[in-house]
Amino acid sequence: MTTAGPRRRHAHRRPRSRTGRIVFAFVAVAAVLAVAALIVPMLLPPGPRPLFQLPVACGETWQLGTYPGHDDYDVDLFPIEGEAWGRPVLAAAAGTVTVAGINGSLGGRTPENPEGPRGRGGGYWVKIDHGGRWETQYLHLLEPPMVREGQQVVQGEQIGRLGSTGNSGAPHLHFEQRRGWEKVETWFDGSPSGITHDDREYTVRRTSNNCG
């Protein structure tokens, strides 16, 4: 007589097929490569500065300025002659559009209602990647951008029209140049703008050589 209970059958796991292991390995490698493709370029040093031009029509003279609280290196551009609303905004250099949409909220300032309510942020805006970890940003456009994400643009191509959407008090173009992770002083036609810190109100005049 035995007191042992009935024997349990051991469940045998089916060994993973060789094909399954290969597929799993390929998926893992592909995932690692995808992550590396995103991260590695951001770790590389920036390339040489593109020859940025003023993002406005060839031969026009504009006022560039900043003011206390505006943030270091931010530049506001205002035409010194003619109507500001609807003026062409041009790509400062060739590149790829990475953002074309709305930053924050639009508000209600239009040519027909210039004193309408302010919105938040940059309103209609565009970001362009120029390669070598260089980027430009264009904010407060009048209406939806004339370009789309992923589109290739050439220097001097129109990307929008000047307006006052977002947190803006008057029609103008808020413009930034970025190198890697950081905002830097804007350069135009090979020369620094001189607008660096926002510790005081500061304005200069520059004539556009964005002549295509």
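Further up the page is the structure itself.
Residues numbered from 1 in each chain as written. Predicted model: local features only at pLDDT ≥ 70, side-chain atom pairs only at ≥ 80, totals over all residues. Heavy atoms only, no water.

Draft legend 1. Up close: the environment of glutamine 155. With respect to the element layout, glutamine 155 can be found in the loop between strand 7 (152-153) and strand 8 (158-161). For the pair glutamine 155 and glutamine 53, spaced 102 residues apart in sequence, the C-alpha to C-alpha distance is 8.1 Å. Ignoring sequence-local partners within four residues, the contact set of glutamine 155 consists of Leu51, Gln53, Ala91, Ala92, Ala93, Ala94, Asn210 and Gly212. (Helix = DSSP H or I, 4+ residues; strand = E, 2+ residues; numbered from the N terminus. Contact = heavy atoms within 4.5 Å.)

Draft legend 2. Representation of the packing of aromatic side chains in the model. Taken as a whole, this structure holds three aromatic pairs when the rule is applied. Aromatic side chains phenylalanine 175 and phenylalanine 188 sit 5.7 Å apart centroid to centroid with 35 degrees between the ring planes, which places their arrangement in the tilted category. You can see phenylalanine 175 sitting in strand 9 (residues 173-179) and its partner phenylalanine 188 sitting in strand 11 (residues 187-188), a full 13 residues away along the chain. Relative accessible area serves as the criterion here: at 6%, phenylalanine 188 is assigned to the buried category. Pairwise contacts between aromatic rings join Tyr138, Phe175 and Phe188 into one cluster. (Phe/Tyr/Trp six-rings, centres within 6.5 Å; stacked < 30°, edge-to-face > 60°. Buried < 20%, exposed > 50% of the residue type's maximum accessible area, 1.4 Å probe, protein only.)

Draft legend 3. Region of the structure containing the state of the cysteines. Here the structure, examined in full by the defined rule, presents one disulfide. Linked covalently through their sulfurs, cysteine 58 and cysteine 211 form a disulfide whose S-S length is 2.0 Å. Taking the sign of the S-S torsion, about 75 degrees here, the bridge from cysteine 58 to cysteine 211 comes out right-handed. On the criterion of sequence distance, the pair formed by cysteine 58 in the loop between helix 1 (18-43) and strand 1 (61-66) and cysteine 211 in the segment after strand 13 (202-207) is long-range, its members being 153 residues apart. A relative accessible area of 43% places cysteine 58 in the partly exposed class. (Disulfide = S-S within 2.5 Å.)

Draft legend 4. View of unusual backbone geometry. At arginine 133, a position not held by glycine, the phi torsion is positive, near 70 degrees. Note that arginine 133 resides in the loop between strand 5 (120-131) and strand 6 (134-141). Taking relative accessible area as the criterion, arginine 133 reaches 18% and is therefore assigned buried. Even without being glycine, histidine 140 reaches a positive phi, approximately 70 degrees. On the secondary structure map, histidine 140 appears in strand 6. Judged by relative accessible area, which is 6%, histidine 140 ranks as buried.

Draft legend 5. Seen up close, the nonpolar core. Among the nonpolar cores identified, the biggest contains 29 residues, and Leu64, Leu77, Val126, Ile128, Tyr138 and Ile159 are the most heavily contacted of them. Of all the elements in the fold, those that place two or more residues in this core are strand 1, strand 2 (75-79), strand 5, strand 6 and strand 9. What leucine 77 contacts, discounting residues up to four positions off in sequence, is Leu54, Pro55, Trp62, Gln63, Leu64, Leu162, His172, Leu173 and Phe175. (Core = buried A, V, L, I, M, F, W, Y, C linked by side-chain atoms within 4.5 Å.)

Draft legend 6. Local environment of the side chain of glutamine 53. By the element assignment, glutamine 53 lies in the loop between helix 1 and strand 1. Residue classification places glutamine 53 among the buried residues on the basis of a relative accessible area of 4%. Engagement of the side chain of glutamine 53 in a polar contact is seen with the side chain of aspartate 189, the distance being 3.0 Å. (Polar contact = N/O pair within 3.5 Å; in protein donor to acceptor, adjacent residues only side chain to side chain.)

Draft legend 7. The pattern of salt bridges, seen in detail. Applying the stated criterion across every chain yields a total of eight salt bridges. With a closest N to O distance of 3.8 Å, lysine 127 and glutamate 135 form a salt bridge. Here lysine 127 matches glutamate 135 in class, with each residue buried. Between glutamate 143 and arginine 161 there is a salt bridge, and its shortest N-O distance comes to 2.7 Å. Taken as a pair, glutamate 143 in the loop between strand 6 and strand 7 and arginine 161 in strand 8 lie far apart in primary sequence, 18 residues in all. In this structure, a network of salt bridges that share partners links the residues Asp71, Asp74, Glu176, Arg178 and Lys183. (Salt bridge = Lys/Arg side-chain N within 4 Å of Asp/Glu carboxyl O.)

Draft legend 8. Broad picture of the side chain of arginine 109. For arginine 109, the position within the fold is in the loop between strand 4 (95-105) and strand 5. Among buried charged residues, arginine 109 stands out as having no salt bridge; its nearest opposite-charge side chain is glutamate 115, 4.3 Å away. A polar atom in the side chain of arginine 109 sits 2.8 Å from the backbone oxygen of glycine 116. Polar contacts involving the side chain of arginine 109 include one to the main-chain carbonyl oxygen of glycine 169, which spans 2.6 Å. Filtering out sequence-adjacent residues up to four positions away, arginine 109 remains in contact with Trp85, Pro114, Glu115, Gly116, Pro117, Arg118, Ser164, Ser168, Gly169 and Ala170. (Lys, Arg positive; Asp, Glu negative; His and termini not counted.)

Read these as spatial facts, not as claims about activity.
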